[in-house]
Amino acid sequence: MLLQAKHLIPAVNGLHWRESLEIHKLLQDNKDFCIYYNNVEKISVEKLAFEYLLSGIRLLHTLCELISRHSKLDQVLLDDCVLSAMMVDLVINAMVALGGNRKESWKSDNESLVEATMVASTLHLLHGFISPEFVDIVQVLLAHSKVYCVLLQTAFGAVHNVVRSLEAKLLYRGSDHPKKLGASPLKSAKFHCQQAEAALQFLHSLCQEKLFSERVAKNKELCGKGGLLMLAKSILSLSVSPGFVKEATTVASMYRIKAKVLSLLHHIFEADSVSFLDELERAGNLHLAQPIASEVLSLLKLGLSESPNDIASHDYPMGFVLLNAMRLAKVFSDDSNFQRFFTDHFASIATILSALFCLSHEEFVSMLCSSALSSREDDATLDYDLFKSAGWVLSVFSSSSLLDVPQFKLNFQNNLTMSSYAHQRTSLVIKIIANLHCFAPEVCIEEDRNRFIKDFVSGLRKDPLSMTIQLPNSSYTPVAQRATSVCRNICSLLRHADFLITNGLDVKDLMMFRVFCKQLQPLIRSEFEGSQATVKVKSLLLSCT
């Protein structure tokens with residue numbers, strides 16, 4: 001670090017006197033984007049710009065932390081309106097520089113680490129400049145509309161660039177690239193993933209404030225032109241190469257990033273003042289949401305077919321990926337713009353839901369009609385340390401040894417209780433079924449009427465064990481007794497749904513679900529005609545609906 005400062009500080013002191021034309025001539029003379037000064041020293045301009053700025057951000061963060069102990073710093077940094085405005089301008093300008101469209105590559109691995117840290121650190125610097133509370137930051141940003149608009153668009157773009165370069169690292173295979181000075185591929189990806197999570201977490205926290213999410217939903221660049229959806233698509237498509245499978249902290253961080261972007265989208269989609277998807281449709285960019293809907297459908301199938309044990313670990317919490325996917329599936333399935341899209345995928349969704357109702361009664365009740373699941377997803381927020389992050393990445397350039405990636409504390413305060421998680425999960429299943437059964441004549445063709453319920457009943461005849469996606473370690477009712485068992489499951493879910501009315505389930509959704517169950521009666525009798533259970537099926541459904 002001392003050697004780095006030895007070259008960095010003289011370079012800044014020597015070059016800041018030169019006008020842009022002089023530096024332009026120096027750069028023209030060298031194709032490697034480096035400058036020779038004092039006729040001897042050589043320095044990369046890209047490295048100079050970002051490392052020097054990151055060092056300054058780190059120092060500003062430290063000074064902001066000292067404000068409570070030194071009243072003079074309070075007067076200098078916060079009471080001086082001009083200086084405060086300049087510091088916010090610093091954040092804006094950094095986001096503008098980092099938010100442009102660029103293609104990252106492994107050739108600039110260390111530089112991409114610096115930029116990822118720059119994005120996360122610069123955003124978190126707003127805590128020092130304004131307040132540790134996001135509600136205060138939102139109020140300040142919204143009070144200055146021009147500042148807000150610039151920051152909004154560039155910040156999402158900057159985070160998208162971080163995700164793009166992260167994607168390359170997670171897919172890295174040891175034989176792909178020669179080793180270079182700096183962190184190992186595994187450590188580089190781990191640190192990069194932390195910075196991406198910290199940056200997205202900041203934007204997610206802002207969007208949890210209703211005023212902020214409403215403004216985001218109205219932003220033409222982010223919403224109308226699909227900037228937010230393109231970021232979400234990049235995040236949801238993240239995957240790891242086999243070499244990272246055992247890197248539990250990195251994999252967990254990647255899933256938490258996915259969980260947060262799903263939650264962020266849910267906040268934007270649920271904005272009261274404007275319909276995000278309607279705005280997207282008016283701009284002619286509704287197709288940009290279809291990849292997101294496809295990813296959500298894939299996660300929905302996973303959420304209904306995987307044991308929480310397979311995607312949850314308290315030691316390495318992966319966030320509410322499946323729960324948030326179900327929340328978005330509820331939004332998509334209820335939106336007129338996507339009724340047709342979901343209709344085209346009825347068969348696959350109905351097959352998974354049919355398999356649920358084919359479970360033995362005991363397993364079905366424990367999975368969907370209980371307040372105590374055997375396991376659930378765990379959420380956590382990263383307790384980001386700007387000082388450690390900036391220090392680690394700056395040391396990568398000056399140290400030949402492989403430094404340990406700093407471990408950040410995970411905060412579990414926002415976790416759901418087991419009962420709340422179970423109730424929300426079941427409520428979402430009911431809402432999704434209600435939405436899929438609802439027929440919208442203005443956007444759907446007549447052939448689609450009752451298509452979902454027919455696919456659902458047809459799926460009851462299938463062998464769940466032959467499905468591509470199977471419910472884990474589950475026992476299914478034999479076909480001969482399936483009609484009765486399915487009806488028992490429906491009755492239990494209806495009774496549990498009455499209880500859920502006081503725990504978040506909407507009355508309208510319950511009413512539509514009851515319609516669905518009532519219409520099942522003749523269809524199940526017809527599907528299992530000749531079964532000795534037919535009479536019992538009729539009496540069971542009549543007693544429930």
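The rules behind the values
Residues numbered from 1 in each chain as written. Predicted model: local features only at pLDDT ≥ 70, side-chain atom pairs only at ≥ 80, totals over all residues. Heavy atoms only, no water. Helix = DSSP H or I, 4+ residues; strand = E, 2+ residues; numbered from the N terminus. Buried < 20%, exposed > 50% of the residue type's maximum accessible area, 1.4 Å probe, protein only. Contact = heavy atoms within 4.5 Å. Areas by Shrake-Rupley, 256 points an atom, 1.4 Å probe, with all protein chains shown as cover. Salt bridge = Lys/Arg side-chain N within 4 Å of Asp/Glu carboxyl O. pLDDT = per-residue confidence, 0-100. Phe/Tyr/Trp six-rings, centres within 6.5 Å; stacked < 30°, edge-to-face > 60°. Lys NZ or Arg CZ within 6 Å of the ring centre and 35° of its normal. Patch = residues over 30% accessible without salt bridge, like charges linked within 9 Å, V, L, I, M, F, W, Y side chains within 5 Å. Axes fitted to C-alpha atoms, helices over the stretch in contact; angles between N-to-C directions. Parallel < 35°, antiparallel > 145°, perpendicular 65-115°, else oblique. Left-handed = near helix turned anticlockwise from the far one by under 90°. Nonpolar A, V, L, I, M, F, W, Y, C, P; charged D, E, K, R; others polar. Arc of directions from axis to C-beta. Polar contact = N/O pair within 3.5 Å; in protein donor to acceptor, adjacent residues only side chain to side chain.

Check the secondary structure of the chain and you find 26 helices and four strands. Considering the chain as a whole, with its 545 residues, one finds that 53% of them fall into the buried category. Across the chain, every contact between residues at least 6 apart in sequence was considered, and the portion connecting residues at least 24 apart equals 81%. Of the roughly 25000 Å² that the chain leaves accessible, carbon and sulfur atoms contribute 54%.

Oppositely charged side chains are able to pair whenever their charged atoms sit close together. As enumerated under the stated definition, the model contains eleven salt bridges in all. Note that Asp-272 is salt-bridged to Lys-210, the shortest N-O span being 2.5 Å. Here Asp-272, found in the loop between helix 13 (248-269) and helix 14 (276-282), pairs with Lys-210, found in helix 10 (residues 210-218); they are 62 residues apart in sequence, far enough to count as distant. The exposed category is assigned to Asp-272, whose relative accessible area is 61%. Lys-210 gets classed as partly exposed once you look at its relative accessible area, which sits at 48%. Among the ionic pairs, Arg-514 bridges to Asp-498, the shortest N-O distance being 3.1 Å. Linking Arg-514 in helix 25 (residues 507-527) with Asp-498 in helix 24 (residues 479-500), this pair joins segments that are 16 residues apart in sequence. Relative accessible area serves as the criterion here: at 24%, Arg-514 is assigned to the partly exposed category. Residue Asp-498 is classed as partly exposed on the basis of its relative accessible area of 40%. In this structure, a network of salt bridges that share partners links the residues Lys-210, Glu-214 and Asp-272.

With 79% of its residues at a pLDDT of 70 or more, the chain has an overall mean of 81. Counting interchain partners and residues more than four positions distant, the pLDDT-below-50 stretch residues 1-5 has eight contacts. Note that residues 175-181 has pLDDT below 50 and, in this model, ten contacts with residues that lie over four places away or in other chains.

Once that is clear, we can look at the side chain of His-61. Along the chain, His-61 turns up in helix 3 (residues 45-65). With a relative accessible area of 15%, His-61 lands in the buried category. Those residues in contact with His-61, other than ones at most four positions away along the chain, are Leu-125, Leu-386 and Phe-387.

Moving on, we get to the packing of aromatic side chains. Scanning all chains against the criterion turns up twelve aromatic pairs. Ring centres 4.8 Å apart and planes at 35° place the aromatic pair Phe-269 and Phe-276 in the tilted group. Here Phe-276 falls in the buried class, since its relative accessible area comes to 0%. Between the aromatic rings of Phe-320 and Tyr-421, the centroid separation amounts to 5.9 Å while the plane-to-plane angle is 40°, which identifies the pairing as tilted. Note that Phe-320 is positioned in the loop between helix 16 (308-311) and helix 17 (321-333) and Tyr-421 in helix 22 (residues 418-437), a separation of 101 residues in sequence. Here Phe-320 and Tyr-421 have matching classes, each one buried. Taken together, the ring pairs in this structure connect Phe-357, Phe-364, Phe-452, Phe-456, Phe-513 and Phe-516 into an aromatic cluster. In this structure, Arg-58 packs its charged tip against the face of Phe-387, placed 3.8 Å from the ring centre. The ring centre of Tyr-255 lies 5.5 Å from the NZ or CZ of Lys-258, which sits over that ring.

The grouping of Ile-501, Val-507 and Met-511 at the surface amounts to a nonpolar patch, some 260 Å² of accessible area in total. Inspection of the secondary structure puts Val-507 in helix 25. Val-507 gets classed as partly exposed once you look at its relative accessible area, which sits at 47%.

Of note, Asn-450 is a non-glycine position whose phi angle comes to about 65°, a positive value. When you line up the elements, Asn-450 lands in the loop between helix 22 and helix 23 (451-459).

Quick look at the environment of Leu-126 now. In this structure, Leu-126 sits in helix 6 (residues 109-129). Each C-alpha atom, one on Leu-126 and one on His-61, is 9.3 Å from the other, the two residues being 65 residues apart in sequence. In contact with Leu-126, other than residues within four places in its own chain, are Val-91, Ser-131, Ile-137, Leu-151 and Phe-202.

A few words now on the packing of helix 8 (residues 145-170) against helix 9 (residues 185-207). For any two helices packed against each other, one specifies the crossing angle of their axes together with the interaxial distance. The interhelical angle for the contact between helix 8 and helix 9, taken along N-to-C directions, is 150°, at an axis separation of 10 Å. Taken together, the axes of helix 8 and helix 9 lie roughly antiparallel to each other. In the crossing of helix 8 with helix 9, the sense of the turn from one axis to the other is left-handed. Across the interface between the two elements, Ala-155, Phe-156, Val-159, Val-162, Ser-165, Leu-166, Lys-169 and Leu-170 from helix 8 touch Ser-188, Ala-189, His-192, Cys-193, Ala-196, Ala-199, Leu-200, Leu-203 and Cys-207 from helix 9. Of the residues that constitute the contact of helix 8 with helix 9, the class distribution is 13 nonpolar, three polar and one charged.

Residue pairs three or four apart in sequence face the same way in an α-helix, which turns once every 3.6 residues. Buried residues of helix 23: Phe-452, Ile-453, Phe-456, Val-457 and Gly-459, and no others. Down the axis of helix 23, the sector holding all buried residues measures 160°, keeping them to one side.

The next point concerns the packing of helix 23 against helix 25. Relative orientation of the contacting elements helix 23 and helix 25 amounts to 45°, with a least axis distance of 10 Å. With respect to each other, helix 23 and helix 25 are oriented oblique. Note on packing geometry: the crossing formed by helix 23 with helix 25 is right-handed. Counting all contacts with helix 23, which are made through Phe-452, Ile-453, Phe-456 and Val-457, the residues of helix 25 involved are Phe-516, Gln-519, Leu-520, Leu-523 and Glu-527. For the contact of helix 23 with helix 25, the class distribution of residues is seven nonpolar, one polar and one charged.

With that settled, the discussion passes to the environment of His-192. Tracing the backbone shows His-192 in helix 9. Accessibility expressed as a relative area gives 0% for His-192, which makes it buried. For His-192 and Val-114, which are 78 residues apart along the polypeptide, the C-alpha to C-alpha distance reads 9.2 Å. Each residue touching His-192, except ones within four places of it in the same chain, is listed here: Ser-112, Leu-113, Ala-116, Val-162, Ser-165, Leu-166 and Lys-169. Within the structure, the side chain of His-192 is placed 3.1 Å from the side chain of Ser-165, a separation counted as a polar contact.

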